[in-house]
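# Reading the structure
These are the residues of each chain, in order.
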Amino acid sequence: MTIDKSWTQIRKRSNSTVFWQGLQSFLQMDKPHVNDRGFIRCPCNRCINNAQHQLEVLETHIHRFGFMSDYNEWIYHGENVYAASSSNVLHPNSGVHDRDEMFEVLEDIISNDAEVDQLGSQSSNVQYDDLFTALNSELYPGVSSFSSLNFLVKLMHLKVMNKWTNKSFDELLKLLKLAFPKMDLVESYYEAKKLMTKMGLGYQSIHVCKNDCALFWNENSMSETCPVCFESRWKMQAGRRTGKNVPHKVLRYFPLAPRLKRLFATSKTAKLMRWHQAGKSTDDNVMRHPVDGRAWKDFDSKHTEFADDVRNVRLGLAADGFNPFNNMSISYSMWPVVLTTYNLPPWLCMKPEYLMLSLLIPGPQSPGKDMDVFLRPLIEELKELWENGIDTRNAGNDRKVFKMRAALLWTVNDFPARSSLSGWSGQGYKACPTCNENTPSMRVIGKTAYFGHRRFLPSTHRWRSNLDFDGRTDRKRPPRKFSSVDIMDQLRRVKTTIPGKHPNYRGVKRKRGDDELNWRKKSIFYELPYWAEIELKHNLDVMHIEKNICDSLLGTLMGDPHKSKDTDNTRRDLQNLGIRSELHLYEDGNKLMKPAAEYTFSEANRRKFCRFIRSVKFPDGFAANLWKNVAQNDSRIVGLKSHDCHVIMQRLLPVGCRSLVNKTISSTIIELCTFFNQLCERTVNVTDMVKAQDQLVIILCKLERIFPPTFFDIMIHLVLHLPEEAILGGPVYMRWMYPFERNAAKPEGSISEGYVVDEALTFCSRYFDDIETRFNRPDRNDDGIHRTRRLFVFESQCKPMGKQSQVYVEKNVRDRAEFYILNNSPEIETYLNQHKQELQLRGCLNPDEAHRNEFADWFFEKIYAMNRVHAPEVTHELLSLASKSNIFVSSYPACIVNGVRFVTHAHDVRLKTQNSGVSVPGTENEIFYGQLQEILEFSYLNDFSVVLFKCKWFRCDSRRMITENNITSINITSESCKDDQFILASQAQQVFYVEDPSREDGINDIDLLQDNSSSNFTLFVDLGNLPQINLQRNDGDVIPIVQPFTAVSQHVNETVSFLNDDDEEDISEEDDETIEESVDEETDEGNDAVDTEEDDDDHSYHTSDSD
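Residues numbered from 1 in each chain as written. Predicted model: local features only at pLDDT ≥ 70, side-chain atom pairs only at ≥ 80, totals over all residues. Heavy atoms only, no water.

## Considering the overall build of the chain
Counting secondary structure elements, the chain contains 32 helices and 33 strands. Within the chain, the fraction of its 1107 residues that count as buried is 57%. Counted over contacts in the chain with a minimum sequence separation of 6, partners at least 24 positions apart contribute 69%. Working note: accessible area of the chain is about 47800 Å², and carbon and sulfur atoms make up 48% of it. (Helix = DSSP H or I, 4+ residues; strand = E, 2+ residues; numbered from the N terminus. Buried < 20%, exposed > 50% of the residue type's maximum accessible area, 1.4 Å probe, protein only. Contact = heavy atoms within 4.5 Å. Areas by Shrake-Rupley, 256 points an atom, 1.4 Å probe, with all protein chains shown as cover.)

Okay, structure coming up:
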């Protein structure tokens, strides 16, 4: 039947009966083709089939805006047409798109990319022609369920996930074409990338002056020479341009607005963009997300119109340089500028999939003070997004268009990069951006020391008058807090400088006036209308601060000639200050002698500490294997990455130094390490941070009494301001550099092209459920999906690893295990109490023992008697539980429970990882610590089972467990609970043991205990120097550093996932002994999985030798 479409051409629609009748007929035709929500594509001149609406809205739109002039085949509205054309058509009869995820992908992409407030036609989407052709093409004749596009996207995704080389991908395509000649597939990776790029968002290439003076952009886009230094835009040879115009430098800019719109383009992420409103903490004292911080709340109170729409976007910016060639002999520094979205929940904010590359600043030199030149395009777009916003379609239930606005909350950078972005120099006497002009500092030989933290003490504190610090009293007032008005007043006095690195000006250092303080420039961020009022503009990066402090402490304690702060000039400084005469240099004949200091290890202790680090075995995926960083002769620890320092500071240094230096020094270092542990917790308590602020002043003053002034570089001083920033910004793990330092080793152009393709694949992968993607791949220690049970004990399941063995368990052992299972079943508590009452009525002399011995049989008879009369409370599970277990039990060498990997101790000793430590809370709030001996699965009727851990428990009474300096020490040689060794697998919390370096050779091997999360732990260490413990005895002491690893461990994994994703190194080949092949491959690849970060030596901050 021919459809009358003439009415669609009528221009005067208001009074046209023909138009109205044709429209009603069209709507009747549409009714059978609406989706399950009543929506259908709208063919008006405004929506051009890119948006979906209900029929009532369709009627209004078509009447108001008219019908699309070039929509001749109504394939979306019931006209049965198949036309293999290049127009953007998803054909209902093709048989491909009905089950093809790419249909929904392209629908969301086109709907998002179309200008929602602009009239147009379907021809405006011609860029998607090739994509629609591939979508409407069968992969292979007769295979209608798999389109060519779907297969290619999934194949490309596998390439990215598994890091195939381009050549290997080309070879695979050739093999597929050879094996399946009729397969509709591209010929090469180049063609595939070209097609994928059409689903990406692209980038702009902006030419840059060779001296970084200006961009050839906007008003300068057509200029041939730099408007500042007048150098040519193009590379020259012998003063002449040769061949094709080649710019000196190219800045790659990835527009922000379309990438933010993509977050709202799919319902999979649109609802997450509102999490910050629904998920914020209800307790003002608890912070788990930046929304709970004071800075966010202050911003909302000042900009209520922006805050009223929860869909408006809050951004964080990070920038850092890296060498793309992985060759330190090549001097080259490229700077990616990355944005993250803080609307998202805390476990997604820092995921690589949600980080957006915004700028790729070219090398070979660091932009330095000219960073603002390169930031110009981003700042202009941020200004537009703040002032005017952009129309965005929200992929919610109504798919309505709203005006999306965005604001930049803060930046995250290491300290040198912070100077480039903020304009405040991080060198000289006034290097601290918070203390400003009142930075505590002093001149020592060859450098500036940031010494003098007594000024932060109360004016009446006795240390104010103590001469042991620097030979003088200190009556200075604490630095005042500088408001935004004060900062703007300072910036008004800063002179405007000419940007660029022109040779005529290179090497000439502009001398700042006294009124300019340490300001080098007024940052471009102040062009943002709201920037001046933000409380926390530039975060101090805890990652680099912690690393530099760890390097300084280890270098000085170990006496490392390359990193020690205790140099000859240091001793001369002490002599000049007239303090610590016992450390002054002296002459012995013709030799200049340097007395040994208390804050350095003796040679014997240095080797002992190295052996301690070498002996540490971490749980799977927890940290890198630090034995690689210990020199062969046990004299140095070298090559530590940032995460290595993070683990050493918070886990190992408090234990290692405790008995190797005197108590005053070790307790101060432990206090500093404990602060970093507290600061890095996933949930931050405001009260704790306020207390930490006062405690840090005392800690720094103690350090000043221990270490010489040269120890105190700017990084030591900056620790003082970290609690305040935590109160302002919330948890540290969402404001540090770990997620942003995952750098690819490719030149600029390849990074840009690869990023656009990867961006498109990431968006597509959100829709894939049948393959592993970044969004659905299991965690490293995923224990699978277990069936829901009514009885708690049947929920005690695990993912077994290694070879299964059927073992016979003696009756007395099985009876104890079965009673433990019954006694830990809250659903049968009524029967437990009933049996106890019967024993009391019988006048039993030992009711507890009788209860243990008789309850199982009594319970069996009770339940079976009830079952014979069909009692409704007797379920299959209850009947199976009462029927007792099989006499044969399944035993495994390893398993995964609640996202944590456990290995029996017998197999654990043969691995480089350690996963046999367990702890469990007792009934009276005590904690039991032990080692996993066996993993046993008890089978019941109807395919029910219970997994139990059989453990060796250590005695933890008051004589064998003592707490000192926030470190709890236990003796693990005495065993307890020999008749009560079982726990449910689901009750186990993982800990690990570390050898105590204070023990002398010949003492029984004893280890230290820690949990395997990267924060939220309590320190437990060996009894050490306690007077009532004789360390020479042969029963040994243990240092447990423990934290229960609870069911929320998945959030811990999310915290450190940036250290595990994509960059895992397999070390299983280094293990000579294995549990079993499957366990060896999965378990022992572990600890190098986090050893992924590039060498951090370039990020270490050293104060300049001049002001």
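Having seen it, we continue.
## Section: the side chain of Ser-883
Structurally, Ser-883 can be placed in the loop between helix H29 (876-882) and strand E23 (888-892). Residue classification places Ser-883 among the buried residues on the basis of a relative accessible area of 18%. Within the local environment of Ser-883, its side chain forms a polar contact with the side chain of Tyr-864, the two groups lying 2.8 Å apart. Looking at Ser-883, its side chain comes within polar contact range of the main-chain oxygen of Leu-879, at 2.7 Å. (Polar contact = N/O pair within 3.5 Å; in protein donor to acceptor, adjacent residues only side chain to side chain.)

## Focus on the state of the cysteines
Here, the word disulfide means a covalent bond between the sulfur atoms of two cysteines. Counted by the stated rule, this structure contains zero disulfides. Cysteine Cys-42 remains unbridged, with the sulfur of Cys-44 as its closest cysteine sulfur at 3.5 Å. Note on Cys-213: no disulfide assigned, nearest cysteine sulfur contributed by Cys-229 at a separation of 3.7 Å. Taking the relative accessible area as the measure of exposure, Cys-213 reaches 5% and is therefore buried. (Disulfide = S-S within 2.5 Å.)

## Focus on the pattern of salt bridges
Counting across every chain of the model gives 39 salt bridges. Residue Lys-521 pairs with Asp-372 through a salt bridge whose shortest N-O separation is 3.1 Å. With a gap of 149 residues between them, Lys-521 in the loop between helix H16 (484-491) and strand E17 (538-540) and Asp-372 in helix H14 (residues 371-387) connect regions that are remote in the sequence. Accessibility assignment for this pair places Lys-521 and Asp-372 in one class, buried. Ionic pairing is found between Lys-383 and Glu-380, a salt bridge with its closest N-O pair at 3.5 Å. (Salt bridge = Lys/Arg side-chain N within 4 Å of Asp/Glu carboxyl O.)

## With respect to the packing of helix H17 (residues 542-558) against helix H20 (residues 642-656)
Across the interface, H17 lies against H20 with an axial gap of 8 Å and an inter-helix angle of 65°. In terms of crossing hand, the pair formed by H17 and H20 is left-handed. Note on element contacts: H20 touches H17 through Ser-642, Cys-645, His-646, Ile-648, Met-649, Gln-650 and Leu-653, opposite Met-543, Glu-546, Lys-547, Ile-549, Cys-550, Asp-551, Leu-553, Leu-554 and Leu-557. For the contact of H17 with H20, a count of residues per class yields ten nonpolar, three polar and three charged. (Axes fitted to C-alpha atoms, helices over the stretch in contact; angles between N-to-C directions. Left-handed = near helix turned anticlockwise from the far one by under 90°. Nonpolar A, V, L, I, M, F, W, Y, C, P; charged D, E, K, R; others polar.)

## Topic: the sheet that holds strand E25 (residues 900-903)
Reading across from one edge, E21-E24-E25 is the order of the three strands in this open sheet, with antiparallel pairing throughout. Lying at the two open borders of the sheet, with one neighbouring strand each, are strand E21 (799-801) and E25. Between one strand axis and the next, the sheet turns by 25° as a mean value, whatever way the strands run. Relative to E25, strand E24 (residues 894-897) runs antiparallel, the two sharing four bridges. When the sheet's bridge partners are listed, Cys-895 is paired in E25 with Phe-902. (Pairing = 2+ DSSP bridges.)

## Quick word on the pairing of strand E14 (residues 406-413)
Extensive coverage of E14 is indicated by the burial of eight of its eight residues. Note: strand E9 (residues 313-319) against E14, six bridges, orientation parallel. When the sheet's bridge partners are listed, Ala-318 is paired in E14 with Val-412. Pairing of E14 with E17 involves three bridges; the strand directions are parallel. Its bridge partner lying in E17, Val-412 is registered against Asn-539.

## Some words on the side chain of Asp-634
Within the element layout of this structure, Asp-634 appears in the loop between helix H19 (603-615) and H20. By relative accessible area, Asp-634 is classed as buried at 13%. Side chain to side chain, Asp-634 and Arg-614 meet in a polar contact 3.0 Å long. Setting aside chain neighbours within four positions, we find Asp-634 in contact with Arg-606, Arg-607, Cys-610, Arg-611 and Arg-614.

## So, the nonpolar core
Across soluble globular proteins, you tend to see nonpolar side chains buried next to one another. Residues Leu-260, Leu-408, Phe-609, Leu-653 and Phe-676 are the most contacted members of the largest nonpolar core, which totals 175 residues. Considering each element in turn, this core owes the most residues, ten residues, to helix H22 (residues 686-706). Those residues in contact with Leu-408 that sit more than four places away from it in its chain are Leu-315, Gly-316, Leu-317, Leu-339, Leu-382, Phe-525, Leu-528, Tyr-530, Trp-531 and Ile-534. The next biggest cluster of nonpolar side chains, apart from the first, holds 51 residues, and it includes Phe-855, Trp-858, Ile-863 and Leu-881. (Core = buried A, V, L, I, M, F, W, Y, C linked by side-chain atoms within 4.5 Å.)

## Focus: the packing of helix H21 (residues 663-679) against H22
The geometry of H21 relative to H22 is characterised by a closest axis approach of 10 Å and an angle of 150° between their N-to-C directions. Considering the angle they form, H21 stands roughly antiparallel to H22. H22 is crossed by H21, and the crossing has left-handed handedness. Residue-level contacts link Thr-664, Ile-665, Thr-668, Glu-671, Leu-672, Phe-675, Gln-678 and Leu-679 of H21 to Asp-688, Met-689, Ala-692, Leu-696, Ile-699, Lys-702, Leu-703 and Ile-706 of H22. Here the contact of H21 with H22 is built from residues that sort into ten nonpolar, three polar and three charged. (Parallel < 35°, antiparallel > 145°, perpendicular 65-115°, else oblique.)

## Points about the environment of Cys-226
Following the sequence through the fold, Cys-226 ends up in the loop between strand E6 (215-216) and strand E7 (249-253). Taking the C-alpha atoms as reference, Cys-226 lies 7.7 Å from Phe-216; in sequence the two are ten residues apart. Ignoring sequence-local partners within four residues, the contact set of Cys-226 consists of Cys-209, Cys-213, Ala-214, Phe-216 and Glu-231.

## Some thoughts on the sheet that holds strand E10 (residues 335-341)
Spatial strand order, E6-E5-E7-E11-E10-E9-E14-E17: eight strands in an open sheet with mixed pairing. Pairing within the sheet leaves two strands with one partner each, and these edge strands are E6 and E17.

## Re the pairing of strand E13 (residues 401-404)
Here E13 shows a buried face lined by Phe-402 and Met-404 and an unburied face lined by Val-401 and Lys-403. Where strand E12 (residues 390-393) lies against E13, four bridges are found, and the strand directions are antiparallel. The residue bridging Thr-392 from the neighbouring strand is Phe-402, located in E13.

## Quick look at H16
Turning to H16, its buried residues number three or more, namely Ile-487, Met-488, Gln-490 and Leu-491. For H16, the arc enclosing every buried residue in end-on projection is 155°, short of the 170-degree limit, so these residues lie on one face. (Arc of directions from axis to C-beta.)

## Some details on the environment of Lys-799
Mapped onto the elements of the fold, Lys-799 is located in strand E21. Separated by 102 residues in sequence, Lys-799 and Arg-901 have C-alpha atoms that sit 9.3 Å apart. Among all residues touching Lys-799, those that are not within four sequence positions of it are Asp-782, Asp-783, Cys-895 and Ile-896.

## Things to note about unusual backbone geometry
For residues besides glycine, phi is generally negative; the peptide bonds are generally trans as well. Between Gly-363 and Pro-364 the backbone carries a cis peptide bond, its omega angle lying at 5°. Tracing the backbone shows Pro-364 in the loop between strand E11 (356-361) and H14. Within the chain, Leu-517 stands out as a residue other than glycine whose phi angle is a positive 55°. Within the secondary structure, Leu-517 sits in the loop between H16 and E17. If you check the backbone angles, Asn-898 has positive phi at about 50° while not being a glycine. Along the chain, Asn-898 falls in the loop between E24 and E25.

## Quick word on the confidence of the model for the chain
Looking at the chain as a whole, its pLDDT mean stands at 81, while 83% of the residues score no less than 70. Throughout residues 743-747 the model reports pLDDT below 50, and contacts reaching past four residues in sequence, or to other chains, amount to twelve contacts. Below pLDDT 50 for its whole length, residues 1012-1107 participates in 330 contacts with residues either more than four positions away or in separate chains. (pLDDT = per-residue confidence, 0-100.)

## Remarks on the packing of aromatic side chains
Where two aromatic rings form a pair, the distance of their centres and the angle of their planes describe that pair. Per the stated rule, a full pass over the model turns up 42 aromatic pairs. Ring geometry for Trp-7 against Trp-74: centres 6.3 Å apart, planes inclined by 65°, an arrangement best described as edge-to-face. Residue Trp-7 is located in the segment before helix H1 (17-30), and its partner Trp-74 is located in the loop between helix H2 (55-65) and helix H3 (101-113); the two are separated by 67 residues in the primary sequence. Accessibility classification places Trp-7 together with Trp-74 in one group, the buried group. The interplanar angle of 85° and the centroid separation of 5.8 Å between the aromatic rings of Phe-299 and Phe-306 together place this pair among those described as edge-to-face. The two residues Phe-299 and Phe-306 agree in class, both being buried. An aromatic cluster of three or more residues is present, and its members are Trp-7, Phe-19, Phe-26, Phe-67, Tyr-71 and Trp-74. (Phe/Tyr/Trp six-rings, centres within 6.5 Å; stacked < 30°, edge-to-face > 60°.)

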